[in-house]
Amino acid sequence: MLSLAFAAWCAVAPLPPPLPWNGKSRELIAKPDSRWITVAEKTGFHATSTYEQTVVWLKQLALAAPEVRLVSLGRSPEGRDILMVIVSRDRLFTPETLQRAARPTLFVQAGIHAGEIDGKDAGLMFLRELTVGGRWRSLLDKANFMFVPIFNVDGHERASQYGRINQRGPDVVGWRTNAQNLNLNRDYTKLDTDEMRAMVAALDRWRPDLYMDIHVSDGSDYQYDVTFGWNAGVHSPRSTRWLEGTLAPALRSALHAMGHIPGPLIPEDPVNGLTMVTLPPRFSNAYGDLRHIPSMLVETHSLKPYEQRVLGTLVLLQSTLQTLGLEGVALKRAAMYDTESRPDPVPIDWRVPPASANIEMMDYLAVESRTSPSTISGSTRTEYLGQPVTRPLAVYRQNEVSLSIPRTKAYWIPPAWGSIADRLKMHGGSVERISEARDVAVDMYRLDNPKFEAEPFEGHTRVATTPRIEHRTERFPAGSYRVSTEQPLGDLVTVLLEPASSDSFLQWGFFHPIFQRTEYSEAYVTEPMAEQMLAADPALKSEFDRRLATDEAFRASAEQRLDFFYSRTPFADPRWRLYPIARER
Ligand SMILES: [Zn+2]
């Protein structure tokens, strides 16, 4: 039981003071007697609708508006439908018809982190104004809209006042992770969860022209209320140019006009400069970029009141759909170009370029703070004072390729690792199954120095290795898989299968059995064998003597000394630490 003192002091999080705000976007709130008012509006943005309330509201809307259709993308572990709303003037409600439509389609996803639920409430208001409300009905003349109001449905129903300690409302919110305590926004590549399998299947089937994932930030205090962006280093350069050059200016001016303060994504407290990061594809917008669906990440600012955040998100949705309707042809063309290009080598990691003479600067809209020594942490304490201040800040873009891999024609997967082929298929990749055994000239990786992480991460023990190439002719039995990289998802296939990539199945720990040694030699066998080997091979003897002389740990370890010989016999497992997926030569 909680003590009274605990309850009194800790039930409300002492957030820094809010900045005053009275944006023009307040005009967009429904009148109290509106039939289509949302729970958030009705409660003065204190509450957000439950899953049940949301479903009921959407079903009523679909009855009242023939251009609205509800579909289920799949079920959560606790059995809830993950609902998607489709809004199409011409009632194109199937993937086939919507993909062929001349009008571009915006796909918005809310509540991947269920406590960060601004996108749901903004999206419901937006649906109203596209349809029965009528304010923005004309947007549907030029674009279609798909919307998942609550992606992490089980997390959304794990609701309490204590879901988001750093966030200013709503009063009761859901939880970040799903019912298995897995973070859906780390699952785009490995596809462990039912929810993400449903989402990735939807992206593959419906192929939206623009994908938006809406969150709420944590981190430092600043003036921006709506921040948005995309990766600095990219797999889809043409469409990213459209996002940067066409979409971003339109969104910034729409948000300014309605009294909001748009800003770039702020990943940490930018004291010494702002780094525009390149996220790995386990994250939504990075995954979209990798499979050539133009994608953006939205983070409203957690310390802004809920009303301000929802209205800012609503303005952002309106402006995005409008811009897509007006300029979507260029984006479709750019995405097509990105999808058809076959970069060689394939970039898999990025860094900030070494310091250049011209440092890019920005006026950062900060909030005044003071620091003092802390008796609590023993370090420094920061207090935000609620006063806006503008600071010049250096900007660093993580957009220089630091690691890339030569593009192979195809990967070969033996049938024993069919589960990996299955996951590639879940992404929508084409995988060919071989009906007869084949000898293939390949490059394979020997994975030296595996380092396993000490703590589990997202249900996995991650591992990093030093891959070393071996040229081999390898026999692939009937039932093996050949995965060509000459396909729209070729870059994704490469990133998932190359062990050097941080989001590879290997690094996520799907191949741990190959690191086990499963056969061994008794010392009474190795000893006489070693004597024979030393007598027959003077070079081996001098290598052994040199190790004894120079490597103290080796000299002290009976195990290592015996293994020196055993590992050189044909009895030692030649496939130990051999990554079973091969690159066709
Ligand atoms: Zn989030």
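Novice: What is the right way to look at the coordination of the zinc ion in this model?
Specialist: Each donor-metal-donor angle in an ideal tetrahedron of four donors is 109.5 degrees, and each such angle in an ideal octahedron of six donors is either 90 or 180 degrees. Within the protein, the zinc ion binds to His113 (ND1), Glu116 (OE), Glu116 (OE) and His215 (ND1); these donor distances fall in the range 2.0 to 2.8 Å. Coordination geometry of the zinc ion: the four donor atoms subtend angles of 51 to 150° at the metal centre, consistent with an arrangement described as irregular. Mapped onto the sequence, the residues coordinating the zinc ion show the spacing H-x2-E-x98-H. For the residue pair His113 and Glu116, the accessibility class agrees, reading buried in each case.

Novice: For this particular structure, what's the right way to read the sheet that holds strand β3 (residues 105-110)?
Specialist: Strand pairs in the sheet, formed through backbone hydrogen bonds, run parallel or antiparallel to each other. Overall, mixed pairing links the eight strands, which are arranged β1-β2-β4-β3-β5-β9-β6-β7 in an open sheet. Of all strands in the sheet, those with a lone pairing partner are β1 (68-75) and β7 (262-264), marking the two edges. On average, each strand axis in the sheet is inclined to that of its neighbour by 25°, with strand direction left out of account. As judged from the six bridges shared by strand β5 (residues 210-216) and strand β9 (residues 295-300), these two strands associate in the parallel manner. Its bridge partner lying in β9, Tyr211 is registered against Ser295. Here helix α7 (residues 194-206) sits on the sheet and contacts β1, β2 (81-87), β3, β4 (144-148) and β5; the angle it forms with β1, its principal contact strand, is near 130°. Against the sheet, helix α8 (residues 237-257) touches β5, β6 (226-229), β7 and β9, its axis set at about 170° to β6.

Novice: So what exactly am I meant to see when it comes to the packing of helix α5 (residues 118-130) against helix α10 (residues 306-340) here?
Specialist: Running from N to C, α5 and α10 point in directions that differ by 50°, and their axes come no closer than 8 Å. Compared by their axis directions, α5 and α10 come out oblique. The interaxial crossing formed by α5 with α10 has right-handed handedness. Contact with α5, carried on its side by Asp118, Gly119, Asp121, Ala122, Gly123, Met125, Phe126 and Leu130, involves Tyr306, Arg309, Val310, Leu311, Thr313, Leu314, Leu317, Gln318 and Leu321 of α10 and no other residues of that element.

About the thresholds
- Residues numbered from 1 in each chain as written.
- Predicted model: local features only at pLDDT ≥ 70, side-chain atom pairs only at ≥ 80, totals over all residues.
- Heavy atoms only, no water.
- Donors = N, O, S within 2.8 Å, 3.2 Å for Na, K, Ca; no water.
- Tetrahedral: all angles 85-135°; square planar, octahedral: opposite > 155°, others 65-115°.
- Buried < 20%, exposed > 50% of the residue type's maximum accessible area, 1.4 Å probe, protein only.
- Pairing = 2+ DSSP bridges.
- Helix = DSSP H or I, 4+ residues; strand = E, 2+ residues; numbered from the N terminus.
- Axes fitted to C-alpha atoms, helices over the stretch in contact; angles between N-to-C directions.
- Contact = heavy atoms within 4.5 Å.
- Parallel < 35°, antiparallel > 145°, perpendicular 65-115°, else oblique.
- Left-handed = near helix turned anticlockwise from the far one by under 90°.

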